[in-house]
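Architecture and fold: a report
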Amino acid sequence: MTVKIPFDTYHDYEAMTAHLHALADAYPKLCTLTSIAKSFQGRDVWFMTITNPDTGPILEKPGFYIDAQIHAEEHATSATALYACAYLLNNYGTDEEVTRLVDSQVFYIIPRINPDGAEYAMTAPYHPWCGNGRCLPGEDRLEGLIPQDIDGDGYIVQMRVPDPKGEWKCDEKNPDIMVQREPGEEGGEYYRLYPEGMIRNYDGVHVHIEMQQDGNMNRNFPTNWTPQEYGAGQYPFSEPETAGMRQVILDHPNITGMCAYHTHGGIILRPSMLQMDSEMSPPDLSLYKALGEVGEKLTGYPTISVYEEFTPDKSKARHGTLTDWTYEEMGIISFGTELWDLERTAGVPKEGYYNLGPRDAETQRLVHDWVVENVGDHGFRPWKSFDHPQLGPIEVGGMVYIWSYRNPPGKLLEEMCHNNVLFNLRHAAAAPRIEIDTVEVEALGGDLHKVTAVVSNHGYLPTNLSDVAIQNKVAKPVTVTLDCENAELTMNPEHVKLGNLAGRNERRYAYSNWGQQWSPVTKKVEWLVRSKGADAKVTVTAASEKGGTDRSSVALGA
Ligand SMILES: [Zn+2]
């Protein structure tokens, strides 16, 4: 059975909710759909858990977490997370990788963290919005320019206001494009550009723009949280949606890896948020780079450091983000993927990863022509004269940011979702995986038996996931327990702590004195057991918080 969901278009809250319920109804055994929070405007924040329950309880398997649309405008992210749900469920039983992962692991997916904000930004006039539904668009600012669709065409774009002091002029080849006036340049027709809107308490002179106060829930997490950060909220987890995420993450200590989806940029972001690579733990940096290479192969997106390559002003590092909490504190291997790169798609050579502009005329021409051809007037609004009640005769038009820079047109969506979900699956499959390789019983004479269990990590990642988890003392040791039935343990403890078992990521090159030293991936545990009868039996349980649980039972024999 296949649940068909169109991935060449964007789904509003009602449609997305219906698709999630259709999946939950079609695959009641493999998935559960619950609400983790109610938004300010009463919408449920949906959370889907996917695994095969026949292969064991969810907390006894490695978990992988995917979330999307913490930021209102980033519609492609929600599509990707919904695609992950549909891909895992529709392909279970036919696709080898999907079947293996749904059997051996569990997926935790929050397809739309911020349903209120998403709705503001998805329905006309497509409010430029980052925060949630704590306030309505326009309520977040006291005075000054309030973005609004003043000409009633269903879009909030730009106003170009003729002004001899202006810093913008029309491009000589395409007057739809605004380019910056150069220093010392005089004698042309110049403009000021403002977001389309009305000015509250206008003094008739200065167009004041207050910084938006809609909030930024990806600054609402506790690690390195500061109220000074734009949008941080009143205190960590102050928003119902982030409080719901906290519960998902804390209730599932088996989460080994995470991908938080954002737009835009066409890059995979990795830690650190606050340090140069040279200050990061070298083994962690090495495994982030190795996983990132897989991501680049599958998505075409390079993997870069948030702080080193995505924070041009080092005094403005990001604080209180989700990955600060999940990696820097909990040691979970966490990526943040910025989907979609309009400029690269339009043929602009990539120069740097974080660049607010201004863009030169040639770049803008490539982008403008691509958007007009591929998105039409849903992506670019031709400039139209408008008599502004406060500013006089002006023009309204320009790029519809949400449907150009922020999100791809529907026809490019599915391939992007697919490639990124493939990386999620490969990252998930890198989890530590605890297995009991053998349990051997050696009869020592009389009713005495030596029981030997060999326990290994078969995964790529270590059972501690990261070096940071060890430094922060949050890594839990692998434990091995022996249960006797009609038998008695006579030597060595019933519970044994094996410590952390390394993954194969530690051995990225042949052994060298100068390189990373190797630690054990396999350990042996021995017990002496006295049989109390012919049906004597022992059960060995090996358990790792991150690497799952395995059990093996052996009869002792007479
Ligand atoms: Zn974002």
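Rules of the game
- Residues numbered from 1 in each chain as written.
- Predicted model: local features only at pLDDT ≥ 70, side-chain atom pairs only at ≥ 80, totals over all residues.
- Heavy atoms only, no water.
- Salt bridge = Lys/Arg side-chain N within 4 Å of Asp/Glu carboxyl O.
- Helix = DSSP H or I, 4+ residues; strand = E, 2+ residues; numbered from the N terminus.
- Buried < 20%, exposed > 50% of the residue type's maximum accessible area, 1.4 Å probe, protein only.
- UniProt positions renumbered as here; feature names shortened; annotations may be inferred.
- Contact = heavy atoms within 4.5 Å.
- Pairing = 2+ DSSP bridges.
- Axes fitted to C-alpha atoms, helices over the stretch in contact; angles between N-to-C directions.
- Donors = N, O, S within 2.8 Å, 3.2 Å for Na, K, Ca; no water.
- Tetrahedral: all angles 85-135°; square planar, octahedral: opposite > 155°, others 65-115°.
- Disulfide = S-S within 2.5 Å.

Side note on the pattern of salt bridges
- On inspection of all chains with the given rule, the structure shows 29 salt bridges.
- With a closest N to O distance of 2.8 Å, R365 and D171 form a salt bridge. Here R365, found in helix 10 (residues 361-374), pairs with D171, found in the loop between strand 7 (168-170) and strand 8 (178-180); they are 194 residues apart in sequence, far enough to count as distant. When sorted by exposure, R365 lands in the same class as D171, which is buried.
- Here the residues in one salt-bridge network are D163, K165, E167 and R192, joined through shared partners.

Some details on the UniProt feature "active site" (unreviewed entry) in the protein
- The UniProt record annotates "active site" (unreviewed entry) at E338.
- Tracing the sequence through the fold places E338 in strand 14 (residues 333-339).
- Its relative accessible area of 10% is what places E338 among the buried residues.

Brief notes about helix 4 (residues 115-122)
- Most of helix 4 sits inside the fold, with eight of its eight residues counted as buried.
- For helix 4, the secondary structure elements touched by its buried residues are helix 1 (13-26), strand 2 (44-50) and helix 2 (75-90).

Section: the sheet that holds strand 4 (residues 106-110)
- Here we have eight strands laid out as an open sheet, ordered 1-2-4-3-11-14-12-13, and mixed in their pairing. Looking at which strands have only one partner, the edges of the open sheet turn out to be strand 1 (31-38) and strand 13 (303-305). Each strand of the sheet is rotated relative to its neighbour by a mean of 25 degrees, with strand direction disregarded.
- Where strand 2 and strand 4 come together, three bridges link them in antiparallel fashion. What sits directly across from M48, in strand 4, is I109.

Some remarks on the coordination of the zinc ion
- Taken together, H71 (ND1), E74 (OE), E74 (OE) and H262 (ND1) make up the full set of protein donors to the zinc ion, lying 2.0 to 2.3 Å away.
- Relative to the metal, the four donor atoms surrounding the zinc ion lie at angles of 57 to 148 degrees, and the coordination shape comes out irregular.
- Here the donor residues for the zinc ion map to a single chain with the spacing H-x2-E-x187-H. Here H262 lies in strand 11 (residues 255-263) and E74 lies in the loop between strand 3 (63-68) and helix 2, a separation of 188 residues in the sequence.
- Among the residues examined, E74 registers a relative accessible area of 3% and is labelled buried.
- Judged by its relative accessible area of 8%, H262 falls in the buried class.

Brief notes about the state of the cysteines
- Overall, the coordinates contain zero disulfides when judged by the stated rule.
- This cysteine, C31, is not joined by any disulfide, and C85 carries the nearest cysteine sulfur, 7.9 Å off.

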